[in-house]
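Listed below are the residues making up each chain.
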Amino acid sequence: MANVILVGAQWGDEGKGKIIDVLTETSEIVVRTQGGNNAGHTVFIGRDKYVLHLIPSGILRPNKVCVIGNGVVLDPVGLVGELDGLARLGIPVTPANFQISETAHIVFPWHRQLDGARETRKGKDKIGTTKRGIGPAYGDKAARVGMRMIDLINRERFPAKLRERLAENNEVIQALGGTALDYDQLLAEYTAAGDRLRPFVKNTVLFLHEASQRGANILFEGAQGTFLDIDHGTYPYVTSSNTTSGGACTGSGVPPNRMDKVVGVLKAYTTRVGEGPLPTENAVISDLLHGMGREFGATTGRARRCGWFDAVATRHAAMVNGIDELAITNIDGLDTVADIQVCVAYRVDGQLLRHLPSDSEVLARCEPVYEHFPGWSTPTDAITQFSDLPVNCRHYLLSIAQLTGARLTIASVGPAREQTMFL
Ligand code: GDP
Ligand code: IMO
Ligand code: MG
């Protein structure tokens, strides 16, 4: 029996959705605790591909309860669309298997507009956000002017609150050169979404507490990745939530002393979508992976930037998340690479750094110091036992786990459930 926090240990898109799906088999409850529909978590069941943005990936397995926790910022219209999409695919979502925290904050169209407008004004210094309004929505939450699910589903309270918030935000939008939003249209759209979502809205803090008390296995589904964390990431090129393990506690109401284990998900190489420093970025590996049709974003379709495995970064991730176990995915992506490089230190301003600098401008100037590993030049995607992997592959995986400083327990050689090995 264990409560497990799963986090991305790089820059997001590590394959969390796939690993969540695999781990959900032995969990009762899966909880999203931060982020919003900036996330895109891919799960394959047979040949069918599912991309989840807000609903926990556990929803694809029968008899599991999925929860959107208080720490999430939620676009209600987007969520209704996601529910409809799952219904079309024959996945049942009912109040028996899906709950939304009544204190989750709401994303409004003005948040998306402000997100876009700020990016445009930043020009070449833009963050490269998903333009889902995540930053402005968390901004309102911190400024104590946000609206929550509990407000949305309250038909008496919502219209006046909406009018008041819209008035202020329309002023800002217009000052930035945008077009004011229409109150009546927004009220109709959001009231309809609120009506659809009302049956799912619960006190999820109590639900999770009671489940935890009776020994239920709860899996906390991290979104984004460690270096997109608002505190520990490459600020300002980050998202606006705590993507590290602590976010699972604040974003769910389940306290730290109820958590049993932290699993970090890593790719066997590195990717990042959006702007910001990526010391090991490499055109050859980017071209190789894009040429295979891989590494295009699940939310925005943007090509992900790719590079070698950065052990300086993942070691930092192990530290700030308290990672106990590692799941390494996309091992098959390196099947054809003869000489694999791993960053073990940075060189900057004549100094050798073995830790991640806090200043993104310094990180952007860091030159990686590489260790070389011989490749395995063999397809791994059909291998089902860790001991059957080529010896160079096992050596590589155990080495990057050791450099990261946590125990390797899962190795993934393809997007499907069956392409998963347990150590
Ligand atoms: P997430 O955001 O962390 O859930 O990751 P994404 O779903 O955005 O991106 C990960 C991509 O890698 C998806 O297309 C997955 O289907 C895919 N994937 C996950 N594990 C593996 C693997 O071991 N091998 C291959 N080839 N693809 C994988
Ligand atoms: P999953 O859960 C990868 C990135 C954006 C941008 C930065 C800020 O699928 O791993 P935001 O829209 O959050 O304000 O954008 O964060 N980003 C992600 N990158 N995977 C994600 O989620 C991401 N969610 C946000 O590209 O650089
Ligand atoms: Mg993703």
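Residues numbered from 1 in each chain as written. Chains lettered and ligands numbered in written order. Predicted model: local features only at pLDDT ≥ 70, side-chain atom pairs only at ≥ 80, totals over all residues. Heavy atoms only, no water.

Caption draft 1: Looking closely at the site of ligand 2. Around ligand 2 lies a shell of 20 residues, among which Lys-16, His-41, Thr-130, Gln-224 and Thr-239 are the nearest. Contact between ligand 2 and Thr-130: an oxygen atom at 2.5 Å from a side-chain N or O atom of the residue. In this structure, an oxygen atom belonging to ligand 2 sits 2.6 Å away from a side-chain N or O atom of Thr-239. In isolation ligand 2 offers 550 Å² of accessible surface; the protein chains occlude 98% of this area. (Near = heavy atom within 4 Å. Polar contact = N/O pair within 3.5 Å; in protein donor to acceptor, adjacent residues only side chain to side chain. Areas by Shrake-Rupley, 256 points an atom, 1.4 Å probe, with all protein chains shown as cover.)

Caption draft 2: Highlighting the domain arrangement of the protein. Once the domains are mapped, the protein shows domain 1 (4-97 + 203-422) and domain 2 (105-200). Between domain 1 and domain 2, the contact holds 31 residues from the first and 25 residues from the second. Summed over both partners, the interface of domain 1 with domain 2 buries about 2300 Å², with 62% contributed by carbon and sulfur atoms. At the junction of domain 1 with domain 2, the criterion picks out 3 salt bridges. Measuring nitrogen to oxygen at the nearest pair gives 3.9 Å for the salt bridge that ties Glu-275 to Lys-126. Joining domain 1 to domain 2, the criterion identifies 10 residue pairs in polar contact (both at pLDDT 80 or more). Those elements that provide at least two residues to the side of domain 1 that touches domain 2 are strand E6 (73-74) and helix H2 (76-88). Examining the composition of the side of domain 1 that touches domain 2, we find that 6 residues originate from one element, H2, more than from any other. The residue makeup of the side of domain 1 that touches domain 2, split by class, is 13 nonpolar, 14 polar and 4 charged. (Domains from an automatic or database assignment. Contact = heavy atoms within 4.5 Å. Buried area = accessible area lost by both parts, 1.4 Å probe. Salt bridge = Lys/Arg side-chain N within 4 Å of Asp/Glu carboxyl O. Helix = DSSP H or I, 4+ residues; strand = E, 2+ residues; numbered from the N terminus. Nonpolar A, V, L, I, M, F, W, Y, C, P; charged D, E, K, R; others polar.)

Caption draft 3: Spotlight on the environment of Lys-124. Residue position: Lys-124 is located in the loop between helix H3 (109-122) and helix H4 (134-142). Residue classification places Lys-124 among the exposed residues on the basis of a relative accessible area of 78%. Measuring from C-alpha to C-alpha, the distance between Lys-124 and Glu-275 comes to 9.5 Å, with 151 residues separating the pair along the chain. (Buried < 20%, exposed > 50% of the residue type's maximum accessible area, 1.4 Å probe, protein only.)

Caption draft 4: Structural context of helix H10 (residues 283-291). Where H10 is concerned, the buried positions are Ile-285, Ser-286 and Leu-289. All buried residues of H10 fall inside an arc of 105 degrees around its axis, so they share one side. Exposed residues on H10 whose side chains face more than 90 degrees from its buried face are Ala-283, Val-284, Asp-287 and Gly-291. Check the buried side of H10 and you find it contacts strand E13 (305-307). With its phi angle positive at about 80 degrees, Gly-293 sits one or two positions after the end of H10. (Arc of directions from axis to C-beta.)

Caption draft 5: Quick look at the coordination of the magnesium ion (ligand 3). In this structure, Asp-13 (OD) and Gly-40 (O) serve as the protein donors to the magnesium ion (ligand 3), at separations of 2.0 to 2.2 Å. Taken together, the positions of Asp-13 in the loop between strand E1 (4-8) and helix H1 (16-24) and Gly-40 in the loop between strand E2 (29-32) and strand E3 (41-45) put the pair 27 residues apart, joining distant regions of the chain. Each of the two residues, Asp-13 as well as Gly-40, counts as buried. (Donors = N, O, S within 2.8 Å, 3.2 Å for Na, K, Ca; no water.)

Caption draft 6: Spatial organisation of the packing of H3 against helix H6 (residues 158-175). Running from amino to carboxyl end, H3 crosses H6 at an angle of 20 degrees, the nearest separation of the two axes being 10 Å. Judged on the interaxial angle alone, H6 and H3 are roughly parallel. Between H3 and H6 the crossing geometry is left-handed. Here Trp-110, Gln-113 and Leu-114 of H3 lie close against H6, whose contacting residues are Leu-162, Arg-165, Leu-166, Asn-169, Val-172 and Ile-173. (Axes fitted to C-alpha atoms, helices over the stretch in contact; angles between N-to-C directions. Parallel < 35°, antiparallel > 145°, perpendicular 65-115°, else oblique. Left-handed = near helix turned anticlockwise from the far one by under 90°.)

Caption draft 7: Just the packing of aromatic side chains, in detail. Following the criterion strictly, the structure yields 7 aromatic pairs and no others. Judged by centre distance (5.3 Å) and plane angle (55 degrees), the ring pair of Phe-98 and Phe-200 falls under tilted. Of this pair, Phe-98 sits in strand E7 (residues 98-101) while Phe-200 sits in the loop between helix H7 (183-197) and strand E9 (201-202), and the two are 102 residues apart along the sequence. Assigned by exposure class, Phe-98 and Phe-200 land together as buried. (Phe/Tyr/Trp six-rings, centres within 6.5 Å; stacked < 30°, edge-to-face > 60°.)

Caption draft 8: Empty space enclosed by the protein, seen in detail. Enumeration according to the criterion identifies 2 cavities of 30 Å³ or more in this entry. Taken as a whole, the largest cavity encloses approximately 60 Å³ of empty space. Lining of the largest cavity is provided by His-105, Ile-106, Phe-108, Trp-110, His-111, Ala-137, Asp-140, Val-145, Gly-146, Met-147 and Arg-165. Counting only elements with at least two residues in the lining of the largest cavity, the list comes to strand E8 (105-106), H3 and H4. Split into classes, the residues belonging to the lining of the largest cavity amount to 6 nonpolar, 3 polar and 2 charged. (1 Å grid on protein atoms, 1.4 Å probe; cavity = no way out; pocket = protein on both sides within 12 Å on 5 of 7 lines; lining within 4 Å. Points joined across faces, edges and corners; volume = space filled by probe spheres on them.)

Caption draft 9: Quick look at the site of ligand 1. Taken together, 20 residues sit near ligand 1, with Lys-16, Gly-17, Thr-42, Asp-332 and Ser-412 positioned nearest. Here an oxygen atom of ligand 1 sits 3.1 Å away from a polar atom, N or O, in the main chain of Glu-14. At 2.8 Å, a backbone N or O of Asn-330 approaches an oxygen atom of ligand 1. Relative to its unbound accessible surface of 580 Å², ligand 1 loses 91% to contact with the protein. Most atoms of ligand 1, that is more than half of them, are within 2 Å of grid points of the second largest pocket. Secondary structure elements with two or more residues in the shell around ligand 1: H1 and E3. (Sits in = over half its atoms within 2 Å of the grid points.)

Caption draft 10: Region of the structure containing the pattern of salt bridges. The final tally for this structure, using the stated rule, is 22 salt bridges. Between Arg-294 and Asp-332 there is a salt bridge, and its shortest N-O distance comes to 2.9 Å. Here Arg-294 is found in the loop between H10 and E13, whereas its partner Asp-332 is found in the loop between strand E15 (325-329) and strand E16 (339-348), with 38 residues between them in sequence. The two residues Arg-294 and Asp-332 agree in class, both being buried. Salt bridges sharing common partners tie together Asp-13, Lys-267, Glu-295 and Arg-304.

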